[in-house]
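Next come the chains, spelled out residue by residue.
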Amino acid sequence: VPELPEVETVRLGLALGVAGRTIERVEVSHPRAVRRHEAGGGDFADQLAGHTVLSAQRRGKYLWLPLDGPDALVAHLGMSGQLLVVPPDKPLEKHLRVRFVFADGVQLADEPAGRELRFVDQRTFGGLFLSPAGLRQEDPPTALAHIAPDPLEPAFDDAAFIAAVRGRRTGIKRALLDQTVVSGIGNIYADEALWRARLHYARPTETLTRPALTALLGYVRDVLSAAITAGGTSFDALYVSVNGVSGLFDRSLEVYGREGEPCSRCGQLIRREPFMNRSSFRCPRCQPQPRVPRW
Ligand SMILES: [Zn+2]
């Protein structure tokens, strides 16, 4: 599942590959991909034709492309969504859902003319839709206004995050995954940040001091930034950049997906445990179970 670093890698590719270009036409080949656009795929295509993409923006796991009009195009990759910038003669992907063809008047420096944008989604949990744009391009569109800032945004309020987590009365990992507390963190980066902070995932939030949460936030930022530098984590091979390239951060994972392998800090074997219908990975020595866990 793409988390913040994977979505940021896609955003960087869209900024290079489609920003500044005018949409000539849009072809919707699967209605489920635009299910949040109530007027349907034909209307979705009509609304977009002729508009210019101004930039590529992100908050948490959501992307949006501000347009030269009242709306922004919002994209959520879901489980398996891919946004690919490809030459027009590339054979159509099996799971192609939406195709954007651009009217290329301008030759961009880094991008051969004529490349198109394709939304490919094997499991179709992702989707595209239009939403009224924010005041500035970097302000989230109306539909994303409820998403909390992510820890890499300048607008992120550390004190408000710490207060929200401490007031939550839950386990720390649940708080990190709550997109109304902090956005962009999913299972992989929560486990990695908690390992760095030496915290068990079920540690009750009200037992964490401000300094401990400040340190955890620092580890969250460290791991997200390192993952962006590596182009994200392609754990299940579904996530790729706009050029179809896999991320390399899976080589740097300390606990996620490393069940039975030794902890790089203490040598104990990493454990995998059920958590919210998924799994949590931890080192049993570095991240011991709290006496009164909150799951
Ligand atoms: Zn350890």
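A brief structural summary.

The rules behind the values
Residues numbered from 1 in each chain as written. Predicted model: local features only at pLDDT ≥ 70, side-chain atom pairs only at ≥ 80, totals over all residues. Heavy atoms only, no water. Donors = N, O, S within 2.8 Å, 3.2 Å for Na, K, Ca; no water. Tetrahedral: all angles 85-135°; square planar, octahedral: opposite > 155°, others 65-115°. Buried < 20%, exposed > 50% of the residue type's maximum accessible area, 1.4 Å probe, protein only. Salt bridge = Lys/Arg side-chain N within 4 Å of Asp/Glu carboxyl O. Helix = DSSP H or I, 4+ residues; strand = E, 2+ residues; numbered from the N terminus. Axes fitted to C-alpha atoms, helices over the stretch in contact; angles between N-to-C directions. Parallel < 35°, antiparallel > 145°, perpendicular 65-115°, else oblique. Left-handed = near helix turned anticlockwise from the far one by under 90°. Contact = heavy atoms within 4.5 Å. Pairing = 2+ DSSP bridges.

## Regarding the coordination of the zinc ion
Next up, step 1: The protein atoms that coordinate the zinc ion are Cys263 (SG), Cys266 (SG), Cys283 (SG) and Cys286 (SG), at distances of 2.2 to 2.3 Å.
Next up, step 2: Classification of the site at the zinc ion rests on its four donor atoms, whose angles at the metal span 96 to 114°, yielding the label tetrahedral.
Next up, step 3: One chain supplies every donor for the zinc ion, spaced along it as C-x2-C-x16-C-x2-C.
Next up, step 4: Take Cys283: its relative accessible area is 0%, and that puts it in the buried class.

## Focus: the pattern of salt bridges
Next up, step 1: Applying the stated criterion to the full structure yields 20 salt bridges.
Next up, step 2: Of the charged contacts in the structure, one is a salt bridge between Asp191 and Lys173, with a shortest N-O distance of 2.7 Å. Here Asp191 is found in helix 5 (residues 187-197), whereas its partner Lys173 is found in helix 4 (residues 172-177), with 18 residues between them in sequence.
Next up, step 3: Here Lys173 falls in the buried class, since its relative accessible area comes to 0%.
Next up, step 4: In this structure, Glu261 and Arg258 form a salt bridge, with 3.2 Å as the shortest nitrogen-oxygen distance.
Next up, step 5: The class for Glu261 is partly exposed, based on a relative accessible area of 35%.
Next up, step 6: Classification of Arg258 by relative accessible area gives buried; the value is 16%.
Next up, step 7: Taken together, the salt bridges that share partners define one network made up of Glu24, Arg25, Glu27, Lys90, Glu93, Arg99, Glu116 and Arg118.

## So, unusual backbone geometry
Next up, step 1: Located in the positive-phi region is Thr124, a residue other than glycine, with phi close to 50°.
Next up, step 2: Tracing the chain through its elements places Thr124 in the loop between strand 7 (116-121) and strand 8 (127-132).
Next up, step 3: Although it is not a glycine, Met276 sits at a positive phi angle of roughly 45°.
Next up, step 4: You can see Met276 is positioned in the loop between strand 9 (271-275) and strand 10 (278-282).

## Comments concerning the packing of helix 3 (residues 158-166) against helix 6 (residues 210-229)
Next up, step 1: Put simply, helix 3 and helix 6 touch, their axes get as near as 10 Å, and they point 115° apart. Classified by the interaxial angle, the pair formed by helix 3 and helix 6 is roughly perpendicular. For the pair helix 3 and helix 6, the sense of crossing is right-handed. Of the residues in helix 6, those in contact with Asp158, Phe161, Ile162, Val165 and Arg166 of helix 3 are Arg210, Leu213, Thr214, Leu217 and Arg221.

## Some points on the sheet that holds strand 1 (residues 22-28)
Next up, step 1: The strand order 1-6-7-5 describes an open sheet built from four strands, whose pairing is antiparallel. Sheet topology places strand 1 and strand 5 (81-86) at the edges, where each strand pairs with a single neighbour. For this sheet, the mean angle separating the axes of adjacent strands, direction not counted, is 20°.
Next up, step 2: Bridge analysis of strand 6 (residues 96-103) against strand 7 gives four bridges, and the strand direction is antiparallel. If you follow Leu96 over to strand 7, its bridge partner there is Val120.
Next up, step 3: Packing of helix 2 (residues 41-48) onto the sheet brings it into contact with strand 1 and strand 6, and relative to strand 1 it is tilted by some 175°.

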